[in-house]
Amino acid sequence: MDLKSNHAAPVLTDPVPINKSRLGIHSSLMPYSGPVAAFSSGLCVTIPRKKPITSVLDDIRSAGWLDAMKSSSPPRKKLSKDLNIEVTSDDDHIYSSWMASVASHVLLSLLKYPSALTSFEQIMNSAKGKRIALFLDYDGTLSPIVDDPERAFMSNAMRAAVQNVAKYFPTAIISGRSRDKVYEFVGLTELYYAGSHGMDIMGPVRPIMTDEDHPNCIRSTDKQGKEVNLFQPASEFLPMIDEVFRSLIENTKEINGAKVENNKFCVSLHYRNVDEKSWPVVAQCVHNILKGYPRLRLTHGRKVLEVRPVIDWNKGKAVEFLLESLGLYGDNVLPIYVGDDRTDEDAFKVLRERNQGFGILVSSVPKESNAFYSLRDTSEVMQFLKQLVKSNNKLAAYK
Ligand SMILES: O=P(O)(O)OC[C@H]1O[C@H](O[C@H]2O[C@H](CO)[C@@H](O)[C@H](O)[C@H]2O)[C@H](O)[C@@H](O)[C@@H]1O
């Protein structure tokens, strides 16, 4: 599949679980009509034996929150190793029908988002004569997903790979975390950092950028005392986010395993370690708080609910902003964005719409995405970064 045909491929995206009809699964094959059986960021497909909790929390259910939370983490029972499919039904017929549907979906997905490693040459061909700019997500891309968000350390090998690649290609990390936190984890000065899903960007000083274009862009200095541009489009929301952070801490203190993380311009409420029975309580708690803040909204991540300002800004806009501030204009630039999460889809989408560069989805199971290629996990991300350096050195040797 060449890049051009990839560009033309119709792609569905959806922040909430993919429904049965979209998977092409006939409803008669479904064991029950309730939520949720989906490929998703939860990385597997589940056929629950029992109906999920039938609670009275109609408001959060009708908003799709519970479905989205479940799809971000289906229950684990029996796992079909090859395809990463979870099955809790005893019905063999239903099971084999699922296998068939899933197998074809896996194949389709492999065709749709080929491995960036096996397609490496193709990627390099499209980079000929162009300047590669690299954008990397942090959690799930550079560091594996772990239970404790405070311990999402990146390996030294990965750090070295990122450091190396940044020597040859302008590189930025765009994370949902606060910029300070992600810098603390990565610790490399050779890169640019954007925190809070792109709402806090520290980039190079570019005299071209005018105040009218970016009124929230100010001159500042980084930790090394170097002059930088600081762009914080949601700065007016700081007190509001802080208030919500404190309310969430207070209101979730009785929920075992819940963890609130202050990401400066957004707040994360983690439910990875919360018993699934209490997920409706988690959702209800955020829902109640958000009622008082019409200028804030909720997005879903990997076992995390994220509260963020309603502004027209996301990781995709951050990529565009960084390209501009790095002076990387025109057709001779090939931006590559590597990410694993729903919020990374905004960046994949921007690249697809610009018809420039491509997204690489990090996932070991099929997902609908706006990316062009895929990598299975963080170790494949590292291999990909090393390949980029190798190929750059080869090209340099021929010059
Ligand atoms: O944009 P990212 O860099 O991918 O950040 C997204 C969120 O990542 C972190 O949470 C996720 O990773 C944790 C550590 O592996 C895991 O425990 C959690 O369940 C995941 O959702 C981070 O803690 C969040 O604040 C970020 O928004």
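Placed above this text is the structure.
Quick summary incoming for the structure in this document. Here the structure is a predicted model, which means the values were calculated and not measured.

Quick notes on the pattern of salt bridges
Item 1. With the rule as written, the count across this model stands at 16 salt bridges.
Item 2. Its salt-bridge partner being E250, residue K253 comes within 2.5 Å of it at the nearest N-O pair.
Item 3. For E250, a relative accessible area of 45% translates into the label partly exposed.
Item 4. Salt-bridge contacts for R354 lead to E320; the nearest nitrogen and oxygen are separated by 3.1 Å. Taken together, the residues R354 in helix α11 (residues 345-354) and E320 in helix α10 (residues 315-325) connect sequence positions 34 residues apart.
Item 5. Assessed through its relative accessible area of 35%, R354 is described here as partly exposed.
Item 6. For E320, a relative accessible area of 29% corresponds to the partly exposed category.
Item 7. Here the salt bridges share partners, and the residues they tie into one network are D137, K315 and D344.

Examining the environment of L326
Item 1. Inspection of the secondary structure assignment puts L326 in the loop between α10 and β13 (333-339).
Item 2. On the accessibility criterion, L326 (18% relative accessible area) is buried.
Item 3. Excluding residues within four positions of it along the chain, L326 makes contact with P170, Y192, P204 and R206.

Structural notes on the sheet that holds strand β11 (residues 296-301)
Item 1. In space, the four strands of this open sheet follow the order β9-β10-β12-β11, with antiparallel pairing throughout. Every interior strand has two partners, whereas the edge strands, β9 (259-262) and β11, have only one. Averaged over neighbouring strand pairs, the angle between their axes works out to 20° when direction is ignored.
Item 2. Here β11 pairs with strand β12 (residues 304-309) via six bridges, running antiparallel.

A closer look at helix α5 (residues 120-127)
Item 1. Within α5, the full set of buried residues consists of F120, I123, M124, S126 and A127. Around the axis of α5, the buried residues are gathered within 160° of arc, so they sit on the same side.
Item 2. The first or second residue beyond α5 is G129, which carries a positive phi of 75°.

Observations concerning the sheet that holds strand β15 (residues 373-375)
Item 1. Strand order in the open sheet formed by nine strands is β7-β8-β6-β5-β4-β3-β13-β14-β15, with mixed pairing between adjacent strands. The open sheet terminates on both sides in strands that have one partner only, identified here as β7 (217-221) and β15. Each strand of the sheet is rotated relative to its neighbour by a mean of 20°, with strand direction disregarded.
Item 2. Set on the sheet, helix α7 (residues 179-186) makes contact with β4 (171-174), β5 (192-195), β6 (200-203) and β8 (227-231); between it and β5 the angle comes to about 135°.
Item 3. The sheet contacts of α10 involve β3 (131-136), β4, β5, β6, β7, β8 and β13, and relative to β4 the element is tilted by about 155°.

Quick notes on the site of the ligand
Item 1. Of all residues adjacent to the ligand, which total 22 residues, the nearest are V146, E261, R272, R302 and E306.
Item 2. The contact in question runs from an oxygen atom of the ligand to an N or O atom on the backbone of G176, over 2.8 Å.
Item 3. Here an oxygen atom of the ligand and a side-chain polar atom of N263 are 2.9 Å apart.
Item 4. Compared with its free state, where it exposes 570 Å², the ligand has 99% of that area covered by protein.
Item 5. The set of elements that each furnish at least two residues to the shell around the ligand consists of β10 (267-270) and β12.
Item 6. Considering only residue class, the shell around the ligand consists of seven nonpolar, five polar and 10 charged.

About the thresholds
- Residues numbered from 1 in each chain as written.
- Predicted model: local features only at pLDDT ≥ 70, side-chain atom pairs only at ≥ 80, totals over all residues.
- Heavy atoms only, no water.
- Salt bridge = Lys/Arg side-chain N within 4 Å of Asp/Glu carboxyl O.
- Buried < 20%, exposed > 50% of the residue type's maximum accessible area, 1.4 Å probe, protein only.
- Helix = DSSP H or I, 4+ residues; strand = E, 2+ residues; numbered from the N terminus.
- Contact = heavy atoms within 4.5 Å.
- Pairing = 2+ DSSP bridges.
- Axes fitted to C-alpha atoms, helices over the stretch in contact; angles between N-to-C directions.
- Arc of directions from axis to C-beta.
- Near = heavy atom within 4 Å.
- Polar contact = N/O pair within 3.5 Å; in protein donor to acceptor, adjacent residues only side chain to side chain.
- Areas by Shrake-Rupley, 256 points an atom, 1.4 Å probe, with all protein chains shown as cover.
- Nonpolar A, V, L, I, M, F, W, Y, C, P; charged D, E, K, R; others polar.

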